[in-house]
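Coordinates in review
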Amino acid sequence: QQPVQSPQAVILREGEDAVINCSSSKALYSVHWYRQKHGEAPVFLMILLKGGEQKGHEKISASFNEKKQQSSLYLTASQLSYSGTYFCGTATGTASKLTFGTGTRLQVTL
Amino acid sequence: DAGVTQSPTHLIKTRGQQVTLRCSPKSGHDTVSWYQQALGQGPQFIFQYYEEEERQRGNFPDRFSGHQFPNYSSELNVNALLLGDSALYLCASSLVLASGSGRDTQYFGPGTRLTVL
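Residues numbered from 1 in each chain as written. Chains lettered and ligands numbered in written order. Predicted model: local features only at pLDDT ≥ 70, side-chain atom pairs only at ≥ 80, totals over all residues. Heavy atoms only, no water.

The next point concerns the interface of chain B and chain A. Across the contact, 21 residues belong to chain B and 22 residues belong to chain A. Here chain B is connected to chain A by zero salt bridges. Connecting chain B to chain A are three residue pairs in polar contact (both at pLDDT 80 or more). Sorting the residues of the side of chain B that touches chain A by element identifies strand 4 (31-37), strand 5 (44-50), strand 6 (53-57), strand 9 (87-94) and strand 10 (107-108) of chain B as the ones contributing at least two each. Class assignment of the residues belonging to the side of chain B that touches chain A gives a composition of eight nonpolar, ten polar and three charged. (Contact = heavy atoms within 4.5 Å. Salt bridge = Lys/Arg side-chain N within 4 Å of Asp/Glu carboxyl O. Polar contact = N/O pair within 3.5 Å; in protein donor to acceptor, adjacent residues only side chain to side chain. Helix = DSSP H or I, 4+ residues; strand = E, 2+ residues; numbered from the N terminus. Nonpolar A, V, L, I, M, F, W, Y, C, P; charged D, E, K, R; others polar.)

So this is what it looks like as C-alpha cells:
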C-alpha cells in the first residue's frame, strides 16, 4: 500500500513557506523525498533514516516521526525553482525498494 | 562525474512486441532499480539488481524481466507489450551500504518514454 501525501496540491507566492506530509501504514526504515518537474526524472532531495540521521539538500528540511510512520518536508522562503511534484518514497523491508506516495503538486508564483 | 544514463529516450511499439531498455548507473554505484511511472502517478517499483542477480521484485508480471552486467549496467525487457505498459520507465542507481537496508540514496536517470499503440 502506497504512502499517502497531503496536500495533493498547493500554490505559493515566492517567499512563502509550505509543509508536505507523508503518512504510511507500515513500519518504516527510511523516508526519501524527491522533486520531479514535468517531463523530467525525480531529483533526490532528502533521506531520513530510522534513528534520526538525515542527509540532503541544504535549504530544505524534513522530519521523521518513527512512532507515527510519518514524515514532513518543510520548504521555507520558496523560490520559483521549487515548483514541481514532490514524492516521498518509503523503505520498509530488507532491501532498498522504494514505495512512492501519491505526490504533491507545488506551484510557486511571483 | 557521469550520472545515470538511459537509452533510448523515447520508443514507440505496437501491442505484442518486445522491448529492451538500457541503463548505466552513476559512477561508483553497484545497484540498479527499475520503476514504471504512469502519467500523473508516482514511480512503481519493478525490480532491483545487485551483483547481477534480481534482489527484489515488485508486483509486475513475468513479462517484465531484467539483467545486470558485470559493469553494473542493466537492461529491462518487456515481452508481449500491452497498451497499459505505456509509461515512463525510470532507472535508479545506488551503492549498497553494508550498514543495512533502506539507507541507500537512489539517483534517477532521465527515463525512457514507452508508447504502446
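Anyway, onward from the coordinates.
Moving on to the side chain of Thr104(A). All names here are of chain A. Along the chain, the position of Thr-104 falls in strand 11 (residues 104-109). Looking at Thr-104, its side chain comes within polar contact range of the side chain of Gln-5, at 3.3 Å. Leaving out residues up to four positions away in the same chain, Thr-104 has contacts with Gln-5, Ser-6, Pro-7, Gln-8, Ala-9, Val-10, Ile-20, Gly-84, Thr-85 and Tyr-86.

Moving on to the sheet that holds strand 3 (residues 19-24) of chain B. Residue and element names in this part refer to chain B. Spatially, the four strands line up as an open sheet ordered 1-3-8-7, and their pairing is antiparallel. Strands at the two margins of the open sheet, each flanked by one partner only, are strand 1 (5-7) and strand 7 (64-68). Going from strand to strand, the sheet's axes swing by 20 degrees on average, the running direction of each strand aside. (Pairing = 2+ DSSP bridges. Axes fitted to C-alpha atoms, helices over the stretch in contact; angles between N-to-C directions.)

Residues and elements named next belong to chain A. Burial within strand 9 (residues 84-91) is extensive, with seven of its eight residues counted as buried. Inspection of the sheet shows strand 4 (residues 30-36) paired to strand 9 by seven bridges, in the antiparallel sense. If you follow Val-31 over to strand 9, its bridge partner there is Thr-90. Pairing of strand 9 with strand 11, which is carried by three bridges, proceeds in the antiparallel orientation. In the strand pairing of strand 11, Gly-84 is matched with Leu-106. For strand 9 and strand 10 (residues 99-100), the ladder comprises two bridges, and the chain directions are antiparallel. Among the inter-strand pairings, Gly-89 is bridged to a residue of strand 10, identified as Phe-100. (Buried < 20%, exposed > 50% of the residue type's maximum accessible area, 1.4 Å probe, protein only.)

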